Amino acid sequence: MKLDFAKGNGLIPAIIQDAVTNKVLMLGYMNEEAYEKTVTTKQVTFFSRTKNRLWTKGEESGNFLNVVSMAPDCDNDTLLIKVHPVGPVCHTGDDTCWGETNSNDIQFLAYLQDFIDKRKKEMPEGSYTTSLFNKGINRMAQKVGEEAVETVIEATNGTDDRMIYEASDLIYHLIVLLASKGYRIEDLANELKKRHKE
């Protein structure tokens, strides 16, 4: 990755975004040394203009920013860093430097998809997801059917809490089925988006 540190007197802005929720968490500045340390350690390090030194976010608080990906903008003078934050990001104790709550629960489905894809690739022993993949497509499809029936039963004759519980099982098993066929939950979102009419 070739970054142009010269434009900003040796510093480039680094936008920090949560890799799961997509919330922008903070903005910091990096010099080339901070960038190299971030690449090496996989924890975001900035150049502190007030302290005039390198500063790894979390070095005192323990609220590290663990790097998921890094990408330059079109001019190679700004960096977008996607992270998994450990704890609140702002020094005030807020989730973000804009006082926002860092949550977007719908994004958890993409995280869950990634987790299930990883299980499919690694197939660790003792994992329920691994056992589903080992049992094959027919059993996975059967589980989706069973969970759909249980969701319907709870919706019509059960409680709302149990309906949510069973519907969650349904979504989980559906994602496993999609993964077994080489698809992702985003493929369903794309199909629904194509069908949507204002």
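Described below are features of the structure shown in this document. (Residues numbered from 1 in each chain as written. Predicted model: local features only at pLDDT ≥ 70, side-chain atom pairs only at ≥ 80, totals over all residues. Heavy atoms only, no water.)

**Topic: the overall build of the protein**
Assigned secondary structure in the protein consists of six helices and six strands. Rg of the C-alpha trace for the protein: 22 Å, well past the compact-globule value of 16 Å for 198 residues, more than 25% over. For the C-alpha atoms alone, the extent of the protein along its principal axes is close to 65 × 40 × 35 Å. Looking at the 198 residues of the protein, the share that counts as buried comes to 32%. (Helix = DSSP H or I, 4+ residues; strand = E, 2+ residues; numbered from the N terminus. Rg over C-alpha atoms; globule rule 2.2 N^0.38 Å. Buried < 20%, exposed > 50% of the residue type's maximum accessible area, 1.4 Å probe, protein only.)

**Focus on the layout of surface pockets**
The computed volume of the largest pocket comes to approximately 440 Å³. Those elements that provide at least two residues to the lining of the largest pocket are β2 (24-30), β3 (45-48) and β4 (53-56). Grouping the amino acids of the lining of the largest pocket by side-chain chemistry returns 10 nonpolar, nine polar and five charged. In this structure, the second largest pocket spans a volume of roughly 290 Å³. (1 Å grid on protein atoms, 1.4 Å probe; cavity = no way out; pocket = protein on both sides within 12 Å on 5 of 7 lines; lining within 4 Å. Points joined across faces, edges and corners; volume = space filled by probe spheres on them. Nonpolar A, V, L, I, M, F, W, Y, C, P; charged D, E, K, R; others polar.)

**Looking at helix α2 (residues 108-122)**
The α-helix winds at 3.6 residues per turn, so residues separated by three or four positions along the chain end up facing the same way. An ideal rise of 1.5 Å per residue puts 21 Å on 15 residues; α2 measures up with 21 Å between its terminal C-alpha atoms. Within the span of α2, buried status applies to L112, Q113 and I116. Axial view of α2: buried residues confined to an arc of 105 degrees, hence all on one face. Contacts made by the buried residues of α2 are with α3 (128-135), α5 (160-180) and α6 (185-195). (Expected span 1.5 Å × (residues − 1). Arc of directions from axis to C-beta. Contact = heavy atoms within 4.5 Å.)

**As for the packing of α3 against α5**
When two helices pack together, you describe them by how their axes are tilted relative to each other and by the distance separating the axes. Close contact between α3 and α5 brings their axes to 11 Å; oriented N to C, the two are set at 50 degrees. As the angle between them shows, α3 and α5 are arranged oblique. For the pair α3 and α5, the crossing hand works out as right-handed. For the pair α3 and α5, contact is made by Y128, T129, L132 and F133 and by Y172, H173, V176, A179 and S180, respectively. Among the residues making up the contact of α3 with α5, the classes are represented as six nonpolar, three polar and no charged. (Axes fitted to C-alpha atoms, helices over the stretch in contact; angles between N-to-C directions. Parallel < 35°, antiparallel > 145°, perpendicular 65-115°, else oblique. Left-handed = near helix turned anticlockwise from the far one by under 90°.)

**Side note on the side chain of E147**
Tracing the chain through its elements places E147 in helix α4 (residues 137-157). Classification of E147 as buried rests on a relative accessible area of 4%.

**So, the environment of V86**
Its place among the elements puts V86 in the loop between β6 (79-85) and α2. Remark: the alpha-carbon pair of V86 and F64, spanning 22 residues in sequence, is separated by 5.2 Å. Beyond its immediate sequence surroundings of up to four residues, V86 is in contact with G62, N63, F64 and N66.

**A look at α4**
The end-to-end C-alpha distance of α4 is 30 Å, a good match for the 30 Å that 21 residues give at a rise of 1.5 Å each. Among all positions of α4, only M140, K143, V144, E147, T151 and E154 are buried. Projected down its long axis, α4 shows its buried positions confined to an angular sector of 100 degrees, all on one face. Set apart from the buried face of α4 by more than 90 degrees, the exposed residues are N138, V152, T156 and N157. Of the surrounding elements, those touching the buried residues of α4 are α3 and α5.

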